[in-house]
Amino acid sequence: MRNIEHFIGGQSVVGTSGHYGEVFDPNKGQVQARVSLASASELDRAVANAAEAQKGWAQANPQRRARVMFEFKRLLEAHMDELAHLLSSEHGKVIADSKGDLQRGLEVIEFACGIPHLLKGEYTQGAGPGIDVYSARQALGVVAGITPFNFPAMIPMWMFGPAIACGNAFILKPSERDPSVSVRLAELMIEAGLPPGVLNVVHGDKDTVEAILKHPTIKAVSFVGSSDIAQSVYSLGAQHGKRVQAMGGAKNHGIVLADADLDQTVADLVGAAYGSAGERCMALPVVVPVGKETAEALREKLVAAVKDLRIGVSTDPQAHFGPLINAAHRAKVETYLQIGVDEGAELVLDGRGFSLPGHEQGFFLGPSLFDHVTAEMKTYREEIFGPVLQIVRADTFEEALELPSKHQYGNGVAIFTRNGDAAREFADRVEVGMVGINVPIPVPVAYHSFGGWKRSGFGDLNQYGMDGVRFYTRTKTVTQRWPKGGPVSDQSFVIPTMR
Ligand code: NAD
């Protein structure tokens with residue numbers, strides 16, 4: 001059995017804890033490797049290594065750090081096929097989608113290539129007599145990132161790209177369910193010229209996460225995962241004096257007004273609901289048609305489109321989506337389907353019992369569609385994270401606006417309409433962090449920032465963009481005076497002012 005080991009100080013380091021996690025091939029439903037899970041003492045070693053490497057890295061001028069990012073971007077492009085296959089083999093998403101996962105991470109690396117410009121501070125000449133003031137952004141030191149299984153390339157790059165470009169050393173704790181891509185990315189960073197120790201991959205589970213959150217040398221922790229864990233990571237990290245950003249789960253709504261282009265909307269909804277088997281925090285698992293006529297027309301078109309979906313292995317170029325991450329997650333999604341039926345929703349299409357010939361043991365699940373779901377139902381209130389789309393009918397625009405606004409999650413939302421007034425009002429009033437107008441998956445580009453509201457995000461700085469630079473640096477403000485000589489000014493016991 002293949003072992004997946006830690007990557008510390010620029011090399012593979014064999015785990016010594018004696019604890020391992022199983023990594024599956026979701027297409028076959030079999031264990032394909034085991035991953036070492038770090039103990040607190042193994043984490044200590046990685047942090048010590050990172051702390052040592054960080055001193056020199058922070059001193060390297062920003063152009064030098066940018067050059068490493070440029071070269072890493074080139075290597076990512078050159079290794080795109082290899083990385084996409086590795087990612088799909090552990091996650092199960094189709095190859096084209098894995099390339100999208102890598103591409104969206106690569107775009108954050110491109111953003112980080114501009115770090116000399118992004119780190120420029122502020123300067124005021126003559127703030128007082130002979131007094132100038134400047135502020136600079138300095139790296140924090142050793143920082144850490146804890147990532148979920150569903151974007152095993154993009155989310156690590158959201159974090160280590162800006163963090164390392166800013167001059168920090170980084171400890172990445174990827175999901176133990178698909179950890180190999182992170183190791184490969186770290187190897188490519190070394191090949192790109194990153195000094196060993198600046199980027200380390202330490203595998204682990206909740207014990208490793210807890211050790212990271214309590215570690216005195218680690219200054220900041222970025223987390224992406226489910227909401228309950230995000231909230232506890234946020235609290236524990238803060239208790240230990242760290243800067244923390246913790247992104248959580250989601251339940252994104254697609255609002256469909258009567259004047260929407262229905263064919264385009266259906267194509268967008270089906271891709272956004274079922275792509276990657278619904279295992280995306282920006283998926284659209286809820287659709288809200290406004291008005292009975294819209295609902296009936298939409299349902300008819302949705303049923304036809306969902307019946308046409310092709311489920312296949314990750315390497316099948318015709319497949320729209322592949323298997324789920326593991327059997328336990330599939331069972332959880334199936335439980336939600338049953339709960340939906342029990343609480344009175346209409347299960348129009350039932351994906352349970354789907355089996356892919358030749359891959360009967362794979363973690364596949366067919367697409368499901370519910371109608372007549374209501375806001376009180378558990379299956380509506382909670383995140384399912386599978387290939388399930390729920391129709392929640394609304395009579396009015398106000399009712400449709402209220403649904404995502406009152407939901408516990410507030411990650412993304414989309415509205416489909418040709419009415420600019422309605423779209424603008426919706427975008428203005430909806431209580432959700434990222435809004436799409438005729439755009440089903442409004443993940444912001446790399447030079448804006450990604451973050452949800454309510455239980456989708458804890459902490460006040462988003463991922464990447466300028467918020468990423470702010471998160472991984474702290475501001476130092478220097479007030480300086482260079483007197484020309486002359487008499488000593490009077491001693492003053494009054495707080496200095498610049499009158
Ligand atoms: P998860 O919360 O199970 O795991 C995330 C990370 O936390 C992993 O590295 C895991 O090892 C670690 N972890 C697991 N249990 C822990 C515990 N008890 N204490 C501390 N750490 C623990 O999430 P997942 O299943 O890997 O990913 C799916 C979830 O992530 C979904 O809820 C999805 O919506 C969310 N997600 C959110 C965003 C976002 O930006 N808001 C992006 C992607 C995924």
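Q: Explain the UniProt feature "domain: Aldehyde dehydrogenase" (unreviewed entry) in the chain to me, please; I cannot follow it from the model alone.
A: As recorded in UniProt, the sites labelled "domain: Aldehyde dehydrogenase" (unreviewed entry) are residues 21-478. Helix makes up 42% of residues 21-478 and strand 21%, whereas the separation of the span's terminal C-alpha atoms amounts to 49 Å.

Q: Explanation requested: the sheet that holds strand β20 (residues 434-437) in the structure shown.
A: As a general point, the strands of a sheet are linked pairwise by backbone hydrogen bonds and lie either parallel or antiparallel. If you walk across this open sheet you meet the 7 strands as β15-β16-β17-β14-β13-β19-β20, and the pairing is mixed. In the strand order of this sheet, the two ends are held by β15 (346-349) and β20, each with one partner. Ignoring which end each strand starts from, the neighbouring axes of this sheet average 20 degrees apart. With 2 bridges joining them, strand β14 (residues 286-289) and strand β17 (residues 388-391) adopt parallel strand pairing.

Q: Sorry, what's going on with the layout of surface pockets here?
A: Taken as a whole, the largest pocket spans an internal volume of roughly 980 Å³. The wall of the largest pocket is formed by 39 residues, among which Arg177, Phe223, Gly225, Ser226 and Ile229 lie closest to the centre. Elements represented by at least two residues in the lining of the largest pocket include exactly α8 (206-214), β11 (218-224), α9 (227-239) and α12 (327-342). For the lining of the largest pocket, the element with the most residues is α9, which contributes 6 residues. Looking at the lining of the largest pocket residue by residue, the class counts come to 17 nonpolar, 11 polar and 11 charged. One number sums up the size of the second largest pocket: a volume of about 390 Å³. If you go around the second largest pocket, you meet 12 residues; those closest to its centre are Ile131, Arg481, Ser492, Pro496 and Thr497.

Q: Would you mind going over the sheet that holds strand β4 (residues 20-25) with me for this structure?
A: Spatially, 3 strands are ordered β1-β5-β4 in an open sheet, and the strand pairing comes out mixed. The open sheet has two edge strands, β1 (2-4) and β4, and neither has a second partner. Taken pair by pair, the neighbouring strands of this sheet meet at an average axis angle of 40 degrees, ignoring direction. Direction of pairing for β1 relative to strand β5 (residues 30-36): parallel, over a ladder of 3 bridges. Bridge pairing in β5 places Ile4 opposite Val35.

Q: Hey, could you run me through the pairing of strand β13 (residues 253-256) in this one?
A: Put simply, side chains in a regular strand alternate between the two faces of the sheet. Alternating positions in β13 separate into two faces, His253 and Ile255 on one and Gly254 and Val256 on the other, with burial throughout. Sheet topology places β13 next to β14; 4 bridges connect them, and they run parallel. Along β14, the bridge assignment pairs Gly254 with Val287. For the segment spanning β13, helix α10 (residues 262-274) and β14, crossover handedness is right-handed.

Q: Just checking my understanding: could you explain the site of the ligand for this structure?
A: The environment of the ligand is made up of 27 residues, and the closest members are Thr147, Lys173, Glu176, Ser226 and Glu383. Between an oxygen atom of the ligand and a side-chain N or O atom of Ser226, the distance comes to 2.6 Å. At 2.6 Å, a side-chain N or O of Glu383 approaches an oxygen atom of the ligand. For the ligand, the protein covers 88% of the area, taking 850 Å² as the surface of the free molecule.

Q: Would you mind showing me how to read empty space enclosed by the protein here?
A: Unoccupied space between atoms shows up once a probe the size of one water molecule is rolled over them. Summed over all chains, the structure comprises 2 cavities of 30 Å³ or more. Space inside the largest cavity adds up to approximately 80 Å³. Gly278, Arg280, Ala283, Pro285 and Phe385 are the residues nearest the centre of the largest cavity, which is lined by 13 residues in total. Partitioned by chemical class, the residues of the lining of the largest cavity number 7 nonpolar, 3 polar and 3 charged. The volume enclosed by the second largest cavity comes to roughly 40 Å³. Taken together, Arg104, Glu107, Val108, Met154, Trp158, Val443, Pro444, Ala446 and Tyr464 make up the full set of residues lining the second largest cavity. Among the elements that line the lining of the second largest cavity, the one with the most residues is helix α4 (residues 95-112), at 3 residues. A class-by-class count of the residues in the lining of the second largest cavity yields 7 nonpolar, no polar and 2 charged.

Q: Whenever I open this one, the packing of aromatic side chains confuses me. Can you help?
A: Here the distance between the centres and the angle between the planes together describe a pair of aromatic rings. A complete count under the given rule lists 13 aromatic pairs for this structure. Between the aromatic rings of Trp158 and Phe450, the centroid separation amounts to 4.6 Å while the plane-to-plane angle is 40 degrees, which identifies the pairing as tilted. Within this pair, whereas Trp158 is found in helix α6 (residues 154-165), its partner Phe450 is found in the loop between β20 and β21 (453-454), the two being separated by 292 residues in sequence. The buried category is assigned to Trp158, whose relative accessible area is 2%. Geometrically, the ring pair formed by Phe397 and Phe426 is edge-to-face, given 6.5 Å between the ring centres and 70 degrees between the ring planes. Residue Phe397 is found in helix α14 (residues 397-406), and its partner Phe426 is found in helix α15 (residues 420-429); the two are separated by 29 residues along the sequence. By the burial criterion, Phe397 is buried, and Phe426 matches it. A cation over a ring is seen here: Arg34 above Tyr20, with NZ or CZ 3.6 Å from the ring centre.

Q: Explain the pairing of strand β12 (residues 243-247) to me, please; I cannot follow it from the model alone.
A: Counting buried positions along β12 gives 4 out of 5 residues, so the element sits mostly inside the fold. Of the strand pairs in this sheet, β11 and β12 are connected by 5 bridges, and their pairing is parallel. Paired with Ser222 across the bridge in β12 is Gln245. In terms of handedness, the path from β11 via α9 over to β12 forms a crossover that is right-handed. Summarising the sheet, β12 and strand β22 (residues 457-458) pair through 2 bridges and their orientation is antiparallel. Within β22, the residue paired with Met247 across the bridge is Gly457.

Q: Mind showing me how you'd approach the environment of Arg474 here?
A: Along the polypeptide, Arg474 turns up in strand β23 (residues 473-481). Arg474 sits 337 residues away from Arg137 along the chain, and the two C-alpha atoms are 5.4 Å apart. Not counting the four nearest positions on each side in its chain, Arg474 is found in contact with Ala136, Arg137, Gln138, Ala139, Leu140 and Arg243.

Q: Mind showing me how you'd approach the pattern of salt bridges here?
A: Once their charged atoms are close, side chains differing in charge can pair, the charge on each being opposite to the other. Under the definition given, this model contains 27 salt bridges. A salt bridge links Asp371 to Arg393, with the nearest nitrogen and oxygen atoms 2.8 Å apart. A residue pair is termed long-range when its members are at least 10 positions apart, and Asp371 in strand β16 (residues 368-371) and Arg393 in the loop between β17 and α14 qualify at 22 residues. For Arg393, a relative accessible area of 23% puts it in the partly exposed group. When salt bridges with common partners are traced through the structure, they connect Glu296, Arg299, Glu346, Asp371 and Arg393 into a single cluster.

Parameters at a glance
Residues numbered from 1 in each chain as written. Predicted model: local features only at pLDDT ≥ 70, side-chain atom pairs only at ≥ 80, totals over all residues. Heavy atoms only, no water. UniProt positions renumbered as here; feature names shortened; annotations may be inferred. Helix = DSSP H or I, 4+ residues; strand = E, 2+ residues; numbered from the N terminus. Pairing = 2+ DSSP bridges. Axes fitted to C-alpha atoms, helices over the stretch in contact; angles between N-to-C directions. 1 Å grid on protein atoms, 1.4 Å probe; cavity = no way out; pocket = protein on both sides within 12 Å on 5 of 7 lines; lining within 4 Å. Points joined across faces, edges and corners; volume = space filled by probe spheres on them. Nonpolar A, V, L, I, M, F, W, Y, C, P; charged D, E, K, R; others polar. Buried < 20%, exposed > 50% of the residue type's maximum accessible area, 1.4 Å probe, protein only. Right-handed = clockwise from strand over helix to strand, strands pointing away. Near = heavy atom within 4 Å. Polar contact = N/O pair within 3.5 Å; in protein donor to acceptor, adjacent residues only side chain to side chain. Areas by Shrake-Rupley, 256 points an atom, 1.4 Å probe, with all protein chains shown as cover. Phe/Tyr/Trp six-rings, centres within 6.5 Å; stacked < 30°, edge-to-face > 60°. Lys NZ or Arg CZ within 6 Å of the ring centre and 35° of its normal. Contact = heavy atoms within 4.5 Å. Salt bridge = Lys/Arg side-chain N within 4 Å of Asp/Glu carboxyl O.

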